[in-house]
Amino acid sequence: MKIASVYITCIAVLVFVQACSRSSDEQAPMVSAEAEHAEIVKKDLFAIISLQGSPCQQVVSYDIQDELDYVATCETGDRYRVHVSSEGKVHVNTHEGNE
Amino acid sequence: MHRLLPALLVVFLASLLTSFSTAVPAAAGPYSACPSVAEEIVDLEMLTAALRETKAIGKITKIRLGSDIKKVLSRLESWHDNKSKFTLDQLEEQYNLLLMKIAILIHDDDLFLHQQLCNAWAGIWLDLKDPDRFRQMRSRKGA
């Protein structure tokens with residue numbers, strides 16, 4: 001009788017834990033989509049800055065100036081303007097402007 | 001003098017209008033002035049084929065780019081199936097950043113492909129966001 005009650009308790013705990021994890025999974029995409037997108041943008045900006053040969057270990061934040069025009073801030077505090085010209089050329093320039 | 005007044009007013013207004021039209025420059029947005037090319041790239045398949053052929057990009061970078069293109073396509077597929085967590089604006093931004101990576105890789109060593117990319121930039125996105133054209137592209141790829 002005791003063994004049966006232990007089994008039932010274990011099963012109840014498992015069901016409860018699974019239900020909790022499922023509900024948090026369902027809620028997660030709504031919260032994390034923005035953050036996930038921002039991470040993709042940061043990684044791509046980092047790749048563009050690195051491909052251009054400018055020193056940057058990681059892009060920690062970015063501002064959108066205009067269409068295809070960003071100011072990326074690296075871990076070191078260096079800031080770069082990454083933008084596309086009318087001829088489709090990608091430019092990476094050191095950005096001296098204020099926040 | 002009274003007879004000349006309307007004529008003077010017309011001249012004044014005309015000069016005012018021309019000064020306005022010359023003072024405000026036309027908007028020069030990104031890839032709005034791409035050099036014209038003899039052979040145009042019209043879709044993503046042509047672009048990926050051209051990227052495979054170009055000597056401006058190393059083999060490992062080509063594999064990475066291929067994977068990046070697949071990721072963007074997979075996210076777009078989810079969006080077309082109403083299963084995407086990203087908005088269309090976010091996906092457009094991801095597409096633009098992918099093309100910026102490609103552009104910076106090829107600009108110095110394959111200017112012709114860069115010019116083709118510049119011309120195709122907006123058109124490929126229109127294909128990708130259109131449900132019918134996107135499905136056609138996917139079915140051609142699957143065939």
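As the structure is a prediction and not an experimental result, all values here were calculated from the model.

Residues and elements named next belong to chain B. Between its first and last C-alpha atoms helix 5 (residues 111–129) spans 27 Å; for 19 residues at 1.5 Å apiece the expected length is 27 Å, and the two agree. In the structure, helix 5 departs most strongly from a straight axis at Ala-120, where the bend amounts to approximately 45 degrees. Of all the residues in helix 5, the buried ones are Leu-113, His-114, Gln-115, Gln-116, Leu-117, Cys-118, Ala-120, Trp-121, Ile-124, Trp-125, Asp-127 and Leu-128.

With that settled, the discussion passes to the sheet that holds strand 4 (residues 90–94) of chain A. With antiparallel pairing, the 4 strands of this open sheet are ordered in space as 1-2-3-4 (chain A). For this open sheet the edge positions go to strand 1 (59–66) and strand 4 of chain A, each flanked by a neighbour on one side alone. Sheet twist, expressed as the mean angle between neighbouring strand axes with direction ignored, is 20 degrees. Here strand 2 (residues 69–74) of chain A pairs with strand 3 (residues 79–84) of chain A via 5 bridges, running antiparallel. Bridging across to strand 3 of chain A, Ala-72 of chain A finds its partner in Tyr-80 of chain A. Across the sheet, helix 4 (residues 88–106) of chain B lies against strand 1, strand 2, strand 3 and strand 4 of chain A, angled at about 85 degrees from strand 4 of chain A, the strand it touches most.

Contact residues are listed per partner, giving 25 residues for chain B and 26 residues for chain A. In total, about 2,300 Å² of surface goes out of reach between chain B and chain A, with carbon and sulfur atoms giving 68% of it. In terms of surface lost to chain A, no three residues of chain B exceed Leu-97, Met-100 and Ile-104 of chain B, which account for 26% of the buried area on that side. At the junction of chain B and chain A, the tally comes to 2 salt bridges. Our count for the chain B to chain A interface comes out at 11 residue pairs in polar contact (both at pLDDT 80 or more). Among the elements of the structure, helix 4 and helix 5 of chain B are those that each provide at least two residues to the side of chain B that touches chain A.

Residues and elements named next belong to chain B. One can describe the packing of helix 4 onto helix 5 by two numbers: an axis separation of 10 Å at closest approach and a directional angle of 170 degrees. Considered as vectors, helix 4 and helix 5 are oriented roughly antiparallel to each other. Helix 5 is crossed by helix 4, and the crossing has right-handed handedness. Here Leu-88, Leu-91, Glu-92, Tyr-95, Asn-96, Leu-99, Met-100, Ile-102, Ala-103 and Ile-106 of helix 4 lie close against helix 5, whose contacting residues are Leu-111, Leu-113, His-114, Leu-117, Ala-120, Trp-121, Ile-124, Trp-125, Leu-128 and Lys-129. Looking at the contact of helix 4 with helix 5 residue by residue, the class counts come to 16 nonpolar, 2 polar and 2 charged.

Attention now goes to the nonpolar core. One finds Leu-45 of chain A together with Met-100, Trp-121 and Leu-128 of chain B to be the most contacted residues of the largest nonpolar core, which totals 54 residues. Of the residues forming this core, the biggest block, 11 residues, is contributed by helix 4 of chain B.

A few words now on the state of the cysteines. For the structure shown, the criterion picks out 2 disulfides over all chains. Disulfide pairing is shown between Cys-56 of chain A and Cys-74 of chain A; the S-S distance is 2.1 Å. The chirality of the disulfide connecting Cys-56 of chain A with Cys-74 of chain A is left-handed, given an S-S dihedral of about -110 degrees. Taken as a pair, Cys-56 of chain A in the loop between helix 1 (2–52) and strand 1 and Cys-74 of chain A in strand 2 lie far apart in primary sequence, 18 residues in all. Owing to a relative accessible area of 12%, Cys-56 of chain A belongs among the buried residues under this scheme. Covalently, Cys-34 of chain B is tied to Cys-118 of chain B through a disulfide, its sulfur atoms 1.9 Å apart. Residues Cys-34 of chain B and Cys-118 of chain B share a disulfide whose torsion about the S-S bond is about -75 degrees; that sign makes it left-handed. Placement of Cys-34 of chain B in the loop between helix 1 (4–23) and helix 2 (44–53) and of Cys-118 of chain B in helix 5 is noted, with a sequence separation of 84 residues between them. Given a relative accessible area of 19%, Cys-34 of chain B falls into the buried group.

The rules we used
- Residues numbered from 1 in each chain as written.
- Chains lettered and ligands numbered in written order.
- Predicted model: local features only at pLDDT ≥ 70, side-chain atom pairs only at ≥ 80, totals over all residues.
- Heavy atoms only, no water.
- Helix = DSSP H or I, 4+ residues; strand = E, 2+ residues; numbered from the N terminus.
- Expected span 1.5 Å × (residues − 1).
- Bend = angle between axes of the 7 residues up to and from the residue.
- Buried < 20%, exposed > 50% of the residue type's maximum accessible area, 1.4 Å probe, protein only.
- Pairing = 2+ DSSP bridges.
- Axes fitted to C-alpha atoms, helices over the stretch in contact; angles between N-to-C directions.
- Contact = heavy atoms within 4.5 Å.
- Buried area = accessible area lost by both parts, 1.4 Å probe.
- Salt bridge = Lys/Arg side-chain N within 4 Å of Asp/Glu carboxyl O.
- Polar contact = N/O pair within 3.5 Å; in protein donor to acceptor, adjacent residues only side chain to side chain.
- Parallel < 35°, antiparallel > 145°, perpendicular 65-115°, else oblique.
- Left-handed = near helix turned anticlockwise from the far one by under 90°.
- Nonpolar A, V, L, I, M, F, W, Y, C, P; charged D, E, K, R; others polar.
- Core = buried A, V, L, I, M, F, W, Y, C linked by side-chain atoms within 4.5 Å.
- Disulfide = S-S within 2.5 Å.

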